[in-house]
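Residue-level structural notes
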Amino acid sequence: MANGRRSPSPEPPGPQPIRRLQESLINRIAAGEIIHRPASALKELLENSLDAGSTSIQVTVKDGGMKLLQIQDNGCGVRKEDLPLLAERFTTSKLTTFSDLSKLTTYGFRGEALASISHVAHLTVITKTKSSNCAWKAVYVDGGLVPSKAGYTPDPKPCAGNNGTTIIIEDMFYNTPIRLSALRSSSEEYARILDVMTKYAVHNSKVSFGCKKSGSLSPELSTPSCSDTSQAIRQLYGHSIAKELLHVTASSVSDDITDTDDSEDSEAWSADAYFTNANYQGKKTALLLFINHRLVESQRIKRSIESIYSGILPKGSSPFVYLSINLDPRSVDVNVHPTKREVHFLNEEAIIERISDAIQQKLAGQSQSRVFEYQTLLTGGIAQSASRKGKEKASGVDEMEGDGEEPMTDRRTSGSQVAKKVLSQHKVRTSLQDRTLDSMIPVTEPLRTNSNEPATAIRLRDIKESTCHFASITELRRLATKRIHHDLTEIIKKHTFVGVIDPSRCLALIQHNKNLYMVNHAALAEEMFYQLALLQFGDYSRLKLDPPPSLRVLVKFAVDAEEDTARSGMSNDEIVDRIVKTLMDRREMLLEYFSLDISETGDVKTLPHLLREYTPNLDKLPMFLMRLGPQVLWESEKECFGSFMRELAYFYSPAPLSVVSMPASDEDEQAKQKSEAWRVQNILFYAMRKYLAAPKSLLDNDVVQVASLPDLYRVFERC
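Residues numbered from 1 in each chain as written. Predicted model: local features only at pLDDT ≥ 70, side-chain atom pairs only at ≥ 80, totals over all residues. Heavy atoms only, no water.

Some words on the overall build of the protein
- Within the protein one finds 21 helices and 23 strands.
- Within the protein, buried positions represent 42% of all 719 residues.
- Contacts spanning at least 24 positions in sequence make up 71% of the contacts within the protein whose residues lie at least 6 apart.
- Of the roughly 40300 Å² of accessible surface on the protein, a fraction of 51% belongs to carbon and sulfur atoms. (Helix = DSSP H or I, 4+ residues; strand = E, 2+ residues; numbered from the N terminus. Buried < 20%, exposed > 50% of the residue type's maximum accessible area, 1.4 Å probe, protein only. Contact = heavy atoms within 4.5 Å. Areas by Shrake-Rupley, 256 points an atom, 1.4 Å probe, with all protein chains shown as cover.)

Next comes the structure, spelled out in structure tokens:
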């Protein structure tokens, strides 16, 4: 420092060399991911015993499983020649290829449980198969066989024993002192062991389970074999829960598509649930969740169930729920957690919603009576009767359950009703009673006699099917009925009109429940008018034209407007003559069946009136008459009637509105556009609700789902 120079900074350290870890260190790290505590080791071994077909499983515990954890079963046992591989990592009898995971029906499959235990504890296995004359005893350390005593060979030794397997785990975590010190007291670890045993005993009611402390004469947990789930819950969780249990089942069979074989459907599922009613009030939610018989955890399912009971139980109270879900192994991914505590499966949200709805409906049907505890008043007061106080308390609970969005008069509910709690993403956000923006804008509408009348949909008359003995009409009506798409028809009948978004292409938005759809209202209206024409065949009302226009003039006007008439090889006058002659030769038939009256002098006097409350755009009349010539197949009865009614429906369908900007002075044209928009909303869409049986063909191009509220919520949750 005397010379004023600073000492140079030390050189940064260079990169550390990459080393290959020792096999024993790798195995010990992997064991720490799978075996967290004695209860997790017990879970793995219980599943092995159940995979072996055991009907009796007995567990002995010392010091919470840290000194001794012994599991004895009467399953199929392990062959002597397989014992050297028993505790090695990734040795299993459950699968051979990765594709076997898609059809896995057993608990274990990775072959890591016994290997992991042998790296953190002293492991002894005694096993006997039915075909073996004696049992075999093997001792393992770090995944390999070791001598049971000094001077012995590590090979398995014969010994006395019963059919099945006994696994003895001693001094758990003896070589990982940090993990050992992190464990709770022995009493708490024993309580965790009992909790795992209890849950598996409820789910496997046909298997006898027993658990006791080492040195104790009587077991603290004991269940008989050949029981059922409700009896197991009664024995293990007590009478207070069992007496309030409800039972419900759900499955994919009640889905909309039921024509597939469940045995081949990878999305088929079923669920079995036992749950308490409103009379049981626990301090903490007790959820026993099994998916494909595997004990798992799911926060999504737990939250869904808690949301059901939040509107039923008082604050701070929780239910007891046992839920078993069986899915096709192809739709379940079990290889997502080291301890297999979590699984992923297809259609998770839809399945949870179906199960929650089934539970909620069962709760609503079983809530005619509620039990409330109360304390008798001491001296100086008058005790109310139990029935009266129960009713008042129930009423008070119901009042507090309101969400603050409904009037006070609607908050009181009867005891037989349970207010269904609707999640935010499942709430329908519109109402037919809401006032729209269009209703605030004055509209000139010829059909409305009172200018002060509010802009609401008009009243439509009922239309009855006409009597007709033509086989062709009967066949056309049968085909129309066969083409109906029931889900789309339901959407149209119960939709909420949102607005016209593109007048030039006849596009509008409608909402049904939680979904938003873009529809071509011209195509929907055309299909509706075809069905109305078919329904009223031979019995149409008449729309009188006064004064009656000339048929030839109208057809000539339409032909002259066409640009590609030269391709026909005829002049415009020849085309007009042919079309007029075709219609004049059949004017008696047109009058009798379609109420299209053409006089002898060639004047159009009346048109068929399909919907009394709606008048078609007569600007399309020349094109309609012109198209009747080439587009109608006059030679065949069925094709003639069908093609004529299609042309009539096209004539009645609304024409696209012009979106060219209008000068401010052209008020008549602007009023006409507003009037047409009013007709679309208040007549056409209202008539579609009443008359349209939507065919599946509309789904190709004319009805498109553009938004779904639950999907939007999922997008926002990710942001």
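A word on the sheet that holds strand β21 (residues 597-598)
- Taken in spatial order, the three strands line up as β20-β22-β21 in an open sheet, and their pairing is antiparallel. The sheet is open, and its two borders are formed by β20 (541-544) and β21, each paired with just one other strand.
- Inspection of the sheet shows β20 paired to strand β22 (residues 604-609) by four bridges, in the antiparallel sense. By the bridge assignment, Ser541 is partnered in β22 with His609. (Pairing = 2+ DSSP bridges.)

Things to note about the pairing of strand β17 (residues 496-502)
- Both β17 and strand β18 (residues 507-512) contribute to a ladder of five bridges, which runs antiparallel. Directly across from Phe497, in β18, lies its bridge partner Ile510.
- What sits between β17 and β18 in their antiparallel hairpin is a turn of four residues, with Cys506 showing a positive phi close to 55°.

Comments concerning the packing of aromatic side chains
- Tallied over the entire structure, the rule returns 21 aromatic pairs.
- With a centroid separation of 5.4 Å and 85° between ring planes, the pair formed by Phe470 and Tyr593 is classed as edge-to-face. With Phe470 in the loop between α10 (386-400) and α11 (471-482) and Tyr593 in helix α16 (residues 587-594), this pair connects stretches of sequence that are 123 residues apart.
- Here Phe470 falls in the partly exposed class, since its relative accessible area comes to 25%.
- Taking relative accessible area as the criterion, Tyr593 reaches 17% and is therefore assigned buried.
- Summarising the aromatic geometry, the rings of Phe594 and Phe641 are spaced 6.1 Å apart at their centres and angled 65° between planes, so their arrangement reads as edge-to-face. Residue Phe594 is located in helix α16, and its partner Phe641 is located in helix α18 (residues 637-652); the two are separated by 47 residues in the primary sequence.
- An aromatic cluster is built from Phe470, Phe529, Phe537, Tyr540, Tyr593, Phe594, Tyr614, Phe624, Phe641, Phe644, Phe651 and Tyr652, whose rings are joined through pairwise contacts.
- Sitting above the plane of the Tyr650 ring, Lys620 keeps its charged end 4.7 Å from the centroid. (Phe/Tyr/Trp six-rings, centres within 6.5 Å; stacked < 30°, edge-to-face > 60°. Lys NZ or Arg CZ within 6 Å of the ring centre and 35° of its normal.)

Brief notes about the sheet that holds strand β23 (residues 703-708)
- In space, the four strands of this open sheet follow the order β17-β18-β19-β23, with antiparallel pairing throughout. Each edge of the open sheet carries a strand with a single partner, namely β17 and β23. Across this sheet, the average inter-strand angle for adjacent strands is 25°, counted without regard to direction. (Axes fitted to C-alpha atoms, helices over the stretch in contact; angles between N-to-C directions.)

Some remarks on the confidence of the model for the protein
- In this model, the protein carries a mean pLDDT of 79, and residues with pLDDT of at least 70 account for 76%.
- Low confidence marks residues 255-262, where pLDDT is under 50. Its contacts with residues over four positions away, or in another chain, come to six contacts.
- Overall, residues 376-416 carries pLDDT values under 50, and its contacts beyond four positions in sequence, including any with other chains, amount to 29 contacts. (pLDDT = per-residue confidence, 0-100.)

Details of the nonpolar core
- Counting residues in hydrophobic clusters, the biggest one holds 73 residues, and the most contacted among them are Phe529 and Met645.
- Among residues more than four places away in sequence, those in contact with Met645 are Ile473, Leu476, Tyr530, Ala533, Leu534, Phe537, Tyr540 and Phe594. (Core = buried A, V, L, I, M, F, W, Y, C linked by side-chain atoms within 4.5 Å.)

What to know about the environment of Leu545
- If you trace the backbone, Leu545 turns up in the loop between β20 and α14 (551-561).
- On the basis of relative accessibility, which here comes to 10%, the residue Leu545 falls in the buried class.
- Put simply, Leu545 and Lys605 are 60 residues apart on the chain and 5.4 Å apart in space, counted from C-alpha to C-alpha.
- When near neighbours in sequence (up to four residues on either side) are disregarded, Leu545 contacts Val604, Lys605, Leu607, Leu618 and Leu621.

A closer look at empty space enclosed by the protein
- On inspection of all chains with the given rule, the structure shows two cavities of 30 Å³ or more.
- In this structure, the largest cavity spans a volume of roughly 40 Å³.
- Along its surface, the largest cavity is lined by Ile301, Ser304, Ile305, Leu323, Ile352, Ile355 and Ser356.
- Of the residues contributing to the lining of the largest cavity, the split by class is five nonpolar, two polar and no charged. (1 Å grid on protein atoms, 1.4 Å probe; cavity = no way out; pocket = protein on both sides within 12 Å on 5 of 7 lines; lining within 4 Å. Points joined across faces, edges and corners; volume = space filled by probe spheres on them. Nonpolar A, V, L, I, M, F, W, Y, C, P; charged D, E, K, R; others polar.)

Considering the pattern of salt bridges
- Per the stated rule, a full pass over the model turns up 19 salt bridges.
- Across the salt bridge formed by Asp573 and Lys556, the nearest N and O atoms sit 3.3 Å from each other. With Asp573 in helix α15 (residues 572-585) and Lys556 in helix α14, this pair connects stretches of sequence that are 17 residues apart.
- Where Asp585 meets Lys581, a salt bridge forms, and the shortest distance between an N and an O atom there is 3.0 Å. Linking Asp585 with Lys581, this pair stays in helix α15, spanning four residues, or about one helical turn.
- Taking relative accessible area as the criterion, Asp585 reaches 51% and is therefore assigned exposed. (Salt bridge = Lys/Arg side-chain N within 4 Å of Asp/Glu carboxyl O.)

A short note on helix α2 (residues 38-51)
- The first and last C-alpha atoms of α2 sit 20 Å apart over 14 residues, in line with the 20 Å expected at 1.5 Å per residue.
- Most of α2 is tucked away, with twelve of its 14 residues classed as buried.
- Among the residues making up α2, those that are buried are Pro38, Ala39, Ser40, Ala41, Leu42, Lys43, Glu44, Leu45, Leu46, Glu47, Ser49 and Leu50.
- After α2 finishes, the residue Gly53 shows a positive phi value of roughly 80°. (Expected span 1.5 Å × (residues − 1).)

So, the packing of α2 against helix α3 (residues 113-120)
- Relative to each other, α2 and α3 sit at 145°, their axes nearing to 10 Å. Note on packing geometry: the crossing formed by α2 with α3 is left-handed. Judged by residue contacts, Ala41, Glu44, Leu45 and Asn48 of α2 engage Ala113, Leu114 and Ile117 from α3. (Left-handed = near helix turned anticlockwise from the far one by under 90°.)

Examining α3
- Burial of α3 is extensive: eight of the eight residues sit out of reach of the surface.
- Listing the buried residues of α3 in full gives Ala113, Leu114, Ala115, Ser116, Ile117, Ser118, His119 and Val120.

Some details on unusual backbone geometry
- A cis amide bond links Asp546 with the next residue in sequence, Pro547, at an omega value of 0°.
- Take Pro547: it is sitting in the loop between β20 and α14.
- Positioned with a positive phi, Asp142 is a non-glycine residue whose angle comes to about 55°.
- Tracing the sequence through the fold places Asp142 in the loop between β4 (135-141) and β5 (144-146).
- Classification of Asp142 by relative accessible area gives partly exposed; the value is 36%.

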